[in-house]
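# Remarks on the overall topology
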Amino acid sequence: MRIKAEQALLPDGWAQDVVVETGADGRIASVSKSADPAADITVPALLPALSNLHSHTFQRAMAGLTETRGPEGRDSFWTWRVLMYRFLDVLTPDEIEAIAAFAFTEMLEAGFGAVAEFHYLHHAPSGLPYDDLGELAGRIAAAAGQTGIGLTLLPVHYRTGGLDGRALAGGQRRFGNDLDRFVKLVERSREILKALPFDTHMGLAPHSLRAAPAEDIAALEKLLPDAPFHLHAAEQEAEIEEVLAATGRRPVEWLMDNFEVGPRWCLIHATHMTGEETSRLARSGAVAGLCPVTEGNLGDGIFEGVAFLEEGGHFGVGSDSNIRITAGEELRQLEYSQRLKHKGRAVLAEPGGSVGRRLYDGALKGGTRALGRESGAIREGALADLVALDPARFAGSGKDDGLLNGWIFTGDDRAVTDVWSAGRHVVMGGRHLYRDAIAARYRAVLADVMGRL
Ligand SMILES: [Zn+2]
C-alpha cells in the first residue's frame, strides 16, 4: 500500500510530501520524499504509532464502577482492588475475550499500534485450571487476532498474597500458579501464539514483589533470557512499607541490588522512588512503564519524571486499568502531573524544545523497547505501525511539532483517522473495521455481567 502524507515524522524530523510504501510482509518497504500524487491513500500527517506497554483488558468492563466513595474510611487503591477481585470472579472465558476485543479496538482507534497485555487471569473462579491451561491466554490471543493489534503477551506469575508468603485468597485464586505450573503455562502460551501473525511476541511478568518470591523472579529471568520482562513496582506507599519491612530495602532499590536490571526490563509505575533509585533506574536502560491516567484514577502518586529524564531514563505509556483508553491523554496527564508537582510549565521538554515532541519520541522508543517490537520509526525495514492524524480535528496549529502539541494539549482521539499495525490497516476514518460487531458483543456481555455482580 502506498500512503502519501502531506507531513510525516521521520527519524531525522518532519518532512513534507512523503510517500510510505508498506509491503506484504508488514514492514515499511520504502520511504521517499515525492510530490507524486499516486497513492492508495493520502493523509494530512503520518507518524509511527505508539505501543501501549501495559494493559489488563478485563478491567475495561469495570471502568467507572468504582467512582463512588465507600461508607467508611478512605477510598484507595486497596478498596478499588476489592471490587476488581469481585468483578473478575464472575467473568467467563467468552466474556473475557469479548472485553479484550473491545479494549483492543479502542486502543487501535486511539492511535496505539500494539499492546503488551499483562495477563494474570489464568484459571476458573474456583482457582482450578481450565482443561486447557492456556484457555484464557488463548482468549487474549483470539481478541488480538480479531482486531489486528500487535500483541506482546506477558503471562504473569502470581504465587503469593504478600511478602510473607501468605496464600492467595478470593479473586486472587484465578491468578495463582506454582513455578512448575507457570512454566507449563508459558509453554502452552507459546503454542497458542503461533496462530497469530509474525509480529506477535511473548515476554514474562512476575506480577510484583508481593506476588512473586525472589527465587521465582530469578528463575523466570533465566527462562526467556532475551524476552521483555515486566513487573509492577513501587506503585503504592503501603507496598514500599511492606517491602522495606521484609527486605530492608525499597522495591526499586531491592530489584537493582538483586538483579541485572537492564533494557529488557520494564518496571510498571515506579512511582515512589528516592533520588538514588531514580538515578539508578534511569542509568540501567530499563523502561519506566508509566500509566498516568490510571495512576491518577487510583491516587497512586506522581512519578519522578523530571529527574528521571534528566538522567537519560527511558519511559513509555500504558493504559493499565483501561479506565480511559487514549494515547494523547496519557501523555498530557504525564506532563500535567509534573507541572502540578513542580509548579512550572513545559517541564518535561528539553530547553527550547517542544513538550509534545519529547513525550511522543520518548514514548515511542520506550514502548517499542518494552514490547520487544521492531517499530517506532518510519524507516525502511521497520514494522509498519503507523498512525494518521488530521489537524482539522483539533484546535492547535497542526504543523510539525505543533501537530503533537495540538493533538496532545488541545485535542483528543478524534484526531486519529487511520491506524496500521504491522501493515494491517484496521482503523479507517477514525473507526475500527469491525467496531460495530465488537462493540455490540461487548455491550451484551457488560449488561449480563452487571446483572450477576
Ligand atoms: Zn497493572
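Preceding this section is the structure that the text describes.
Structural notes, computed from the coordinates. Worth saying up front: this structure is predicted, and the values here are computed from it rather than measured.

## Quick look at the sheet that holds strand β4 (residues 41-48)
With mixed pairing, the eight strands of this open sheet are ordered in space as β3-β2-β1-β4-β14-β15-β16-β17. Edge positions in the sheet fall to β3 (28-33) and β17 (431-432), since each of these pairs with one other strand and no more.

## Focus: helix α12 (residues 355-371)
With 17 residues, α12 ought to run about 24 Å at 1.5 Å a step, and its terminal C-alpha atoms sit 24 Å apart, in line with that. Across the 17 residues that make up α12, a large majority, 13, are buried. Looking at where α12 begins, the residue whose side-chain oxygen comes 3.3 Å from the main-chain nitrogen of G356 is S354. Once α12 ends, the next one or two residues include G372, with phi positive near 65°.

## Things to note about the layout of surface pockets
Of the volumes computed, that of the largest pocket is approximately 600 Å³. Along its surface, the largest pocket is lined by 25 residues, and D75, S76, F77, T79 and W80 are the ones closest to its centre. Breaking the lining of the largest pocket down by element, the ones donating at least two residues are α1 (77-88), α6 (237-247) and α9 (292-298). It is α1 that contributes the most residues to the lining of the largest pocket, seven residues altogether. Along the lines of polarity and charge, the residues of the lining of the largest pocket split into nine nonpolar, eight polar and eight charged.

## Points about the pattern of salt bridges
Counted according to the given criterion, the structure contains 31 salt bridges. Here K194 ties to E191 by a salt bridge, and the two come within 3.1 Å at their closest N and O atoms. Assessed through its relative accessible area of 61%, K194 is described here as exposed. Judged by its relative accessible area of 43%, E191 is partly exposed. Between D257 and R249 there is a salt bridge, with its nearest N and O atoms 2.7 Å apart. The partly exposed category is assigned to D257, whose relative accessible area is 36%.

## Description of the coordination of the zinc ion
For the zinc ion, the full set of protein donor atoms is H54 (NE2), H56 (NE2), H232 (NE2) and D320 (OD), and the range of their distances to it is 2.1 to 2.6 Å. Taken together, the four donor atoms coordinating the zinc ion span angles of 83 to 169° at the metal, a pattern that classifies the geometry as irregular.

## Quick word on unusual backbone geometry
Backbone geometry at D17 places phi at a positive 50°, although glycine is not the residue there. Looking at the secondary structure, you find D17 in strand β2 (residues 13-22).

## Considerations on the nonpolar core
Formed by 133 residues in total, the largest nonpolar core has its most connected members in F104, L255, L267, L281, Y360 and W407. It is helix α2 (residues 93-109) that contributes the most residues to this core, 10 residues altogether. With residues near it in sequence (within four places) discarded, Y360 still touches L9, L47, P48, A49, L50, L331, V387, L404 and W407. Core analysis: the second largest hydrophobic core is formed by 16 residues, I3, A15, I28 and V43 among them.

Conventions adopted
- Residues numbered from 1 in each chain as written.
- Predicted model: local features only at pLDDT ≥ 70, side-chain atom pairs only at ≥ 80, totals over all residues.
- Heavy atoms only, no water.
- Pairing = 2+ DSSP bridges.
- Helix = DSSP H or I, 4+ residues; strand = E, 2+ residues; numbered from the N terminus.
- Expected span 1.5 Å × (residues − 1).
- Buried < 20%, exposed > 50% of the residue type's maximum accessible area, 1.4 Å probe, protein only.
- Polar contact = N/O pair within 3.5 Å; in protein donor to acceptor, adjacent residues only side chain to side chain.
- 1 Å grid on protein atoms, 1.4 Å probe; cavity = no way out; pocket = protein on both sides within 12 Å on 5 of 7 lines; lining within 4 Å.
- Points joined across faces, edges and corners; volume = space filled by probe spheres on them.
- Nonpolar A, V, L, I, M, F, W, Y, C, P; charged D, E, K, R; others polar.
- Salt bridge = Lys/Arg side-chain N within 4 Å of Asp/Glu carboxyl O.
- Donors = N, O, S within 2.8 Å, 3.2 Å for Na, K, Ca; no water.
- Tetrahedral: all angles 85-135°; square planar, octahedral: opposite > 155°, others 65-115°.
- Core = buried A, V, L, I, M, F, W, Y, C linked by side-chain atoms within 4.5 Å.
- Contact = heavy atoms within 4.5 Å.

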